[in-house]
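Listed below are the residues making up each chain.
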Amino acid sequence: MATPAASPTDGEATAAVEDGGLSLPTDTFVEILLRLPPSCRLWARLICRHWRDVIDARTPRIPPPKVLAFFSNDKSASAYVVNDFEHGWGREVWRVSAGRAKGSRIHVRVIGTCNGLLCLCDESNRGGRVALLNPLTGETLRVPPLPVFHRGPGCYQSGKAYTFGFVPDTGKYKLLHLPCRCDSTGGFNSVQAFTLGDAAWRDVAAPGASCCLDAGVVSAGGAAYWATAGMERVVSFDLGEERVAFDVPLPVGPGPGCVCSLVEFHGRLGLAVSDGRRTAPSKTELWVLGDGGAGGGGRQGWSKRYSVQYTVRVEGVDQRLAAPHFAHGGEYVLTVQTEGWRKMHLHAHRMRDAGKRLQSGEVRSVRIGGEPGTAVAYCKDANELRTFAYVETTEPLSVYKVDDHWSRKGSIRK
């Protein structure tokens, strides 16, 4: 229970926390706060007014998230951080290449990011080989391989079956793997969970479960989410308690010619529904789970928050919302523009009502057309571009037994 302190900026040992007769001096409290990653301090600000005042006055200002753009193909993979959406390009923070040997290939996919840490998967290995990277410090950590690969033969793009999340209540990082079968059922009876710092994966029962990997597996707010094989429902898995928490029907069905993708929206789960499967979409709608808007009804209710229309089409150019992170800072919408098969641009479009807070039940209408937006990242030869909210951190990976499996600027070590 928090008790008032004389002043959050006073260097004297004033009581910041009192529980069961044990008081914690403010200076000691601040030392603990300074060792937490920025996202934990954001959560801690919500505990009470006194904690918020101490965090605001005695710890470094938490910078707003940037955007991390991750390009990949069979020859290289690279990560760019975008901070300035009005001028210039993002800066490259990491790259890996297949090498110059004839026939050399790599298959690296980014699983996700948490608190400035990137989780990567080398898909050239059966079941995928997973590693963590801090681009700012160059530190790396290899995750133990899955003990058993359940998905069967002919399964490619193993990275799609993983998600990487953070549990605010415990401060632990979690990996989840869905061993869904590579057939139309997408079925499985257990998931595989791993806590960063542990020695091995754990099997967690999920009888009768199924997954549509093409819709994505997303972590947000201490939970992992996936869509069932038939795209009828979304399943929520509590990463802290390691159990299926609930499942909820999708707000709309996929329908003929539609594409449904799970995305992240300001720490919540979002569902992007586009009308173009084989052609560039003309419209994308975003629904948010547990947002309390129209059609909400609590944490398991959906509300429609964005309607994005593409008003101008250029022949040979496909433009879609970026994923899984597309709405940045309440000011920008991010899109991926693909020319031909491999040339990809990341564009930032400033909304006309940038900074305006959406009211309950309000749907933000965005038109993308005459103004192309600002190109902030580019790759002339990419199979895939994924985007994430990203906060740079010096949080060490050494406490989790670092391995040099990944090099910062060279080839992947086998």
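Attention in this report is confined to the structure presented alongside it. The model shown is predicted, which means the values in this text are computed figures rather than measured ones.

## Brief notes about helix α1 (residues 26-34)
Residues Thr26, Phe29, Val30 and Leu33 constitute the buried set of α1. Angularly, the buried residues of α1 cover 100° about the axis, an arc narrow enough to put them on a single face.

## Some thoughts on the sheet that holds strand β18 (residues 259-265)
In spatial order, the strands read β18-β19-β20-β21-β26; together these five strands make up an open sheet with mixed pairing. Where the open sheet ends on each side, the last strands, each with one partner, are β18 and β26 (364-368). For this sheet the average axis-to-axis angle between neighbouring strands, irrespective of direction, equals 25°. As paired elements, strand β20 (residues 283-289) and strand β21 (residues 302-310) share seven bridges and run antiparallel to each other. Residue pairing across strands places Leu289 opposite Trp302, the latter belonging to β21.

## Considerations on the pattern of salt bridges
According to the stated counting rule, one finds 18 salt bridges in the structure shown. Its salt-bridge partner being Arg58, residue Asp27 comes within 2.8 Å of it at the nearest N-O pair. In this pair, Asp27 is assigned in helix α1 and Arg58 in helix α3 (residues 49-58), connecting sequence segments 31 residues apart. Taking relative accessible area as the criterion, Arg58 reaches 22% and is therefore assigned partly exposed. A salt bridge links Arg35 to Glu31, with the nearest nitrogen and oxygen atoms 3.1 Å apart. Residue Arg35 is classed as exposed on the basis of its relative accessible area of 64%. Among the charged side chains, a salt-bridge network with shared partners connects Lys174, Asp198, Arg202 and Glu242.

Thresholds, definitions, all that
Residues numbered from 1 in each chain as written. Predicted model: local features only at pLDDT ≥ 70, side-chain atom pairs only at ≥ 80, totals over all residues. Heavy atoms only, no water. Buried < 20%, exposed > 50% of the residue type's maximum accessible area, 1.4 Å probe, protein only. Helix = DSSP H or I, 4+ residues; strand = E, 2+ residues; numbered from the N terminus. Arc of directions from axis to C-beta. Pairing = 2+ DSSP bridges. Axes fitted to C-alpha atoms, helices over the stretch in contact; angles between N-to-C directions. Salt bridge = Lys/Arg side-chain N within 4 Å of Asp/Glu carboxyl O.

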